[in-house]
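A look at the structure
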Amino acid sequence: MIYTGITALDEMIGGGVPRGKRVLFSLAPGVEGQQFMFSALKCAHRMGKRCLVIVPHTSAEAFLADLSATPYGMEADDRLIFLDSLAFEEIEANSRTPEAECAAWKEQIDTICRSGPINAIFLYCNRLCDEIGTKHALALFFGRSLKEGATLFVEYLNLYDEGHLDDLTASCLFDLVLSIGEGYGNILFFNHFMVRHVTWTSLPPRQIPYMIREDSSVAPQIPKIVVTGPTDAGKTTFIQTVSENWVSSDRIGISGSATTVAMDFGHPLVSCRGFDITLVGTPGQEHFGPIITHLLTNATGVIFVVDGTRTESLSRGLDILGTVRRMGIPFVVAVNKRELPGQISDATLRTLLRLSERTPLYHLSALNREEAMGVIDALIMLITRETFLE
Amino acid sequence: MDPFRTGIRKIDEKMGGILPGSNLLLLAPPFADAERLAMYLGQPGDSDYTVVISTDQDAQELVMAFGLPESERHRLWIIDCITKTLVPVIADEDQVKYVGSPVDLTGMGIKFTKILDGIQRAEAARNNLSGTPRVRVCIISLSSFLIYTKLEVIYRFFHILSARIRRMNGIGIYLLNPEGVDEKTISTLKQLMNGMIEVKEDAADPTVRILRCQMMSGECVPSVRYRFSGSDLVEEP
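Attention now moves to the overall build of chain B. A tally of helices and strands in chain B yields eight helices and 10 strands. Here the C-alpha radius of gyration of chain B, 17 Å, is about what a compact globule of 237 residues would show, namely 18 Å. Here the C-alpha coordinates of chain B stretch approximately 50 × 40 × 35 Å along the principal axes. Counting all 237 residues of chain B, 42% fall into the buried class. In chain B, the share of contacts with a sequence separation of at least 24, taken over all contacts with a separation of at least 6, comes to 62%.

Further remarks concern the overall build of chain A. A tally of regular secondary structure across chain A gives 13 helices and 17 strands. Projecting the C-alpha coordinates of chain A onto the three principal axes gives extents of approximately 85 × 35 × 35 Å. Classification of the 390 residues of chain A by burial places 47% in the buried group. Within chain A, counting contacts between residues at least 6 apart in sequence, those at least 24 apart form 70% of the total.

All names here are of chain A. When its domains are assigned, chain A resolves into domain 1 (7-210) and domain 2 (222-385). Tallying the contact residues gives 12 residues for domain 1 and seven residues for domain 2. Looking at the side of domain 1 that touches domain 2, the elements that each hand over two or more residues are α1 (7-12), β7 (187-198) and β8 (207-212). Among the residues forming the side of domain 1 that touches domain 2, the class breakdown is seven nonpolar, three polar and two charged.

A few words now on the interface of chain A and chain B. With 19 residues of chain A at the interface, the matching set in chain B holds 20 residues. When residues of the side of chain A that touches chain B are traced back to their parent elements, those giving at least two are α3 (60-68) and α6 (126-132) of chain A. Here the side of chain A that touches chain B is built from residues that sort into eight nonpolar, seven polar and four charged.

Attention now goes to α3(A). For α3(A), the complete set of buried residues consists of Ala62(A), Phe63(A), Leu64(A), Ala65(A) and Asp66(A). Looking at the buried residues of α3(A), the elements they touch are β2 (51-55) and β3 (80-84) of chain A together with α4 (83-86) of chain B.

Here chain B averages 93 in pLDDT, and 98% of its residues register 70 or above. For this predicted complex, the interface confidence comes out at an ipTM of 0.92, alongside a pTM of 0.90.

Residues and elements named next belong to chain B. Within the open sheet, the 10 strands sit side by side as β4-β3-β2-β5-β6-β1-β7-β8-β9-β10. Their pairing is mixed. Two strands close off the open sheet at either side, each with one partner strand: β4 (96-98) and β10 (232-236). The sheet shows a mean angle of 25 degrees between the axes of neighbouring strands, taken without regard to direction. As judged from the five bridges shared by strand β9 (residues 220-229) and β10, these two strands associate in the antiparallel manner. Within the sheet, the bridge partner assigned to Arg227 lies in β10 and is Val234. Packing of helix α5 (residues 105-125) onto the sheet brings it into contact with β2 (48-54), β3 (76-80), β4 and β5 (134-140), and relative to β3 it is tilted by some 165 degrees.

Below, the discussion takes up the environment of Ile320(A). All names here are of chain A. Looking at the secondary structure, you find Ile320 in helix α11 (residues 314-326). Spatially, the C-alpha atom of Ile320 lies 33 Å from that of Ile13, the residues being 307 residues apart in sequence. In contact with Ile320, other than residues within four places in its own chain, are Thr228, Gly229, Pro230 and Ile292.

Next up on the list: the environment of Glu93(B). All names here are of chain B. Tracing the chain through its elements places Glu93 in the loop between α4 and β4. Judged by C-beta crowding, with 11 C-beta atoms within 10 Å, Glu93 ranks as exposed. Residues Glu93 and Trp77, spaced 16 residues apart in sequence, show a C-alpha to C-alpha distance of 9.9 Å.

Turning our eyes to something else, we now look at unusual backbone geometry. Where the residue is not glycine, phi is negative for most of them; where a peptide bond is considered, it is trans in most cases. Residue Ser141(B) is reached from Ile140(B) by a cis peptide bond, and omega for that bond is 5 degrees. Here Ser141(B) shows up in the loop between β5 and α6 (142-148). Here Asn298(A), not a glycine, exhibits a phi torsion of approximately 65 degrees, which is positive. Inspection of the secondary structure puts Asn298(A) in the loop between α10 (289-296) and β15 (301-307). In this structure Asn298(A) comes out as partly exposed when scored by C-beta crowding, with 15 C-beta atoms within 10 Å. The residue Lys337(A) is not glycine, and still its phi comes out positive at about 70 degrees. For Lys337(A), a count of 23 C-beta atoms within 10 Å gives the class buried.

This part covers the nonpolar core. Counting 175 residues, the largest nonpolar core has Leu26(B) and Leu175(B) as its most contacted members. Examining the composition of this core, we find that seven residues originate from one element, helix α2 (residues 35-46) of chain A, more than from any other. When residues of this core are assigned to domains, at least three fall in each of domain 1 (7-210) and domain 2 (222-385) of chain A. Once residues lying within four places of it in the same chain are set aside, the contact partners of Leu175(B) are Leu26(B), Ala28(B), Ala34(B), Glu35(B), Ala38(B), Ile139(B), Ile140(B), Ser141(B) and Leu142(B).

Here we come to the confidence of the model for chain A. Counting all residues, the mean pLDDT for chain A is 89, and 90% of those residues have values of 70 or more. Averaged over each element, pLDDT in chain A is lowest for strand β11 (residues 250-252) of chain A (61) and highest for α2(A) (98).

Reading the values: the criteria
Residue numbering note: each chain is counted from 1, following its sequence as written. To read the labels, note that chains go from A and ligands from 1, taken in the order they are written. Reporting in this predicted model follows two pLDDT cut-offs: at least 70 for local features of residues, and 80 or more for side-chain atom pairs to be given and counted; totals over whole chains, interfaces and linings ignore these cut-offs and use all residues. Put simply, DSSP H or I for four residues or longer makes a helix, DSSP E for two residues or longer makes a strand, and each gets a number counted from the N terminus. To get the radius of gyration, use the C-alpha atoms; to get the globule rule, take the number of residues to the power 0.38 and multiply by 2.2 Å. The exposure scheme places C-beta atoms from the backbone and then counts, for each residue, the other C-beta atoms within 10 Å of its own, assigning buried at 20 or more, exposed at 12 or fewer, and partly exposed in between. Whether two residues are in contact depends on their C-beta atoms, placed from the backbone: they are in contact if these lie within 7 Å. Start and end points for every domain follow an automatic or database-based domain assignment. In the scheme used here, Gly and all other residues not listed as nonpolar or charged are polar, with Ala, Val, Leu, Ile, Met, Phe, Trp, Tyr, Cys and Pro taken as nonpolar and Asp, Glu, Lys and Arg as charged. Values of pLDDT, which run from 0 to 100, indicate the predictor's confidence residue by residue. Two strands form a pair only when DSSP identifies at least two bridges running between them. Between N-to-C directions, angles span 0 to 180 degrees; the directions come from axes that are lines fitted to C-alpha atoms, helices contributing only their stretch in contact. By convention the nonpolar core is taken to be a set of buried residues drawn from Ala, Val, Leu, Ile, Met, Phe, Trp, Tyr and Cys and joined through C-beta atoms within 7 Å.

Right, here's the structure in full:
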C-alpha cells in the first residue's frame, strides 16, 4: 500500500493505493493539482520505496528544486531514480523511428530494474505520449506494474474533455482515475477532485472541493455543512462544541432561553477525515423559514438536530426536513440530549419524521465533543463514500 | 469596454484600437524585429497589465526590452520557459514564474493562473476594486513551442488559453515565423485567432517594415510602414 498523503483521499479509497495498482491523475489545464502526484511520491519515498520518476519535461534537479520549498521536498538519494529531459532528449536523438524510441525506453527501464526492484513508478506522461503515442507510452509501464508489482502513478494534462478521459480510462485499464478540475459547482474559487473510477473499493463519483494552502499543500474542503432543526434542539450548542471559532446570533426568545435569530457559523477545532469543514447553523422558528431555505442553498450536507425528549417539536422538524429533502441535500439525523430522561423511541422518531429504516439516527449530547464529531464524521462518510439514502 | 490602444496611429485611428477579447496572430519573417513589435503591441497601458510567455528570451532580457520605468514595472509579469533549463534551482518571484522547459504545458497553465491571481491581488492592494484588470498576453513565440511539441497539442493548449483571454476581455498576441512552419500549421493556428498582423520587409529600405492588420470582423489596415528608433515605433509616410 502506498499512501497518497492526502488524508481525505486516502480515507475515501480505503487507506491508500494497493501494491501494483495503476493510478491516473488527470489535470485540467491551469488547475493547481500537481500536489497529488508530489504527495504520493513523497509518501512512497518516505515509506522506503524505490521510486522511478519519469519527468521528460524538466531536469531532475529542477524538479527537486521546485519541490524543495513545499511540504513535498525530498533529498536526492539512491531510492529516487530519474529519467528526465536529458534522458528523453538522448533517446530521441538516437532513435530514428517511434518504434526505435519505444525500444530504447524499454531498454533504459530494464537497465534500471536490473539494478534493483522498483516499487513505484511516477510518470509525467504528456511528452512521452506526444512522442511515441499514448498506447505505447503507457504500455511501457503497465506491463511492469502487472508483472513486477510496481505501483504506477501517472499525471496527465488533459487538454480535451471528460469524454477523452473516459476513453483513456476504458482503453488503458487504470485502477484509479482521479480527475482534477477547476471550479466547484457555482463556488468558483475552489478547485475539485473526483474519483471517477476505482477498482478496489466502491465509491460514487463525487466532486470534492479543495484549496491549496500557503505552504502549497492540498486542503480538501467540505465548504458548507448546515446544522438545522427545530427550535431549542441544540444546534448552536452543537456548533459551539465542535468549533474552534464560532459566531452566534442568539437572542433571548419567548421561551426565556437564547435562540438563534439569523445564523451561527463555526470552524471545527480539527479537520474531520482530512477535510476542513465549515458549519453554518440556522434558526429553528417557523417565521425564519425563508432564511433557512437561503442558508440551505448550495449546502454540501445537513446535520438535522432534534431534541430527543420533545415530540412536540418534531412537526416543525418535519417541515424543515421537507425543505432539505426537496433540495436533495444529503443529511444525517442527530438526536440530541441523550443524557436527559424521557427519550423518544427510535420507532416514534422515524414515524414522526418519516425516516426510512436505512436512515441512521445518531444519539448524542451536543455538549460532548466526541459524540458531536462522530455525527460530522458520519455525514462526511455519507457525502464522500456512500450513495445518498433519501 | 474600451479597445486596447496599440500605439500604432493608423490602427488606433482607423479601427479604434483592438477590441477586448481579441487574439491576434503576428506573422513575421526572421530578422524582422518581430519580438520588438510584439512587445510594442503588448506594452501595458495606463490601466492594464502585460503577461509574457517567453520561450526565446529570459525574464531579465524581457524586463530590459520592455524598458518600463520603475513606477510601471508592476504591470509586467513573465512566464520564463528557458532559464530553468540553465539554472534548475531558480525560484519563482512575485512577477516572474519559471517552468522547467517549453514542453511543460502543465506548469505553464498553472503559472498563468497564478499570475492572473497575482494581478488581481495587486490591483486589490492598490484599492482598485473596479473588476477584472485588463491583460495583454504576449506569446513569444509560437514557433519555439512548435519545435518541442506537436501541432495538435499546441493547438489544444492555446485553444484553451485563447478562450481564457477572450473570456477575461484581454488581448493575446501570438508571434509566429511563417517561414519555419508549413501552411497547415498556419491555417490550424489561425482558427484560434480573430485577427492577424502580417509583417513584411520593405524592398526599398531594409530598415523599414510594412505591417498589415486584418480582423476577422472585416476591419483592415492594409499598410503601415514603420521602423524602430530605440524602443519607439516610428510610422513612415
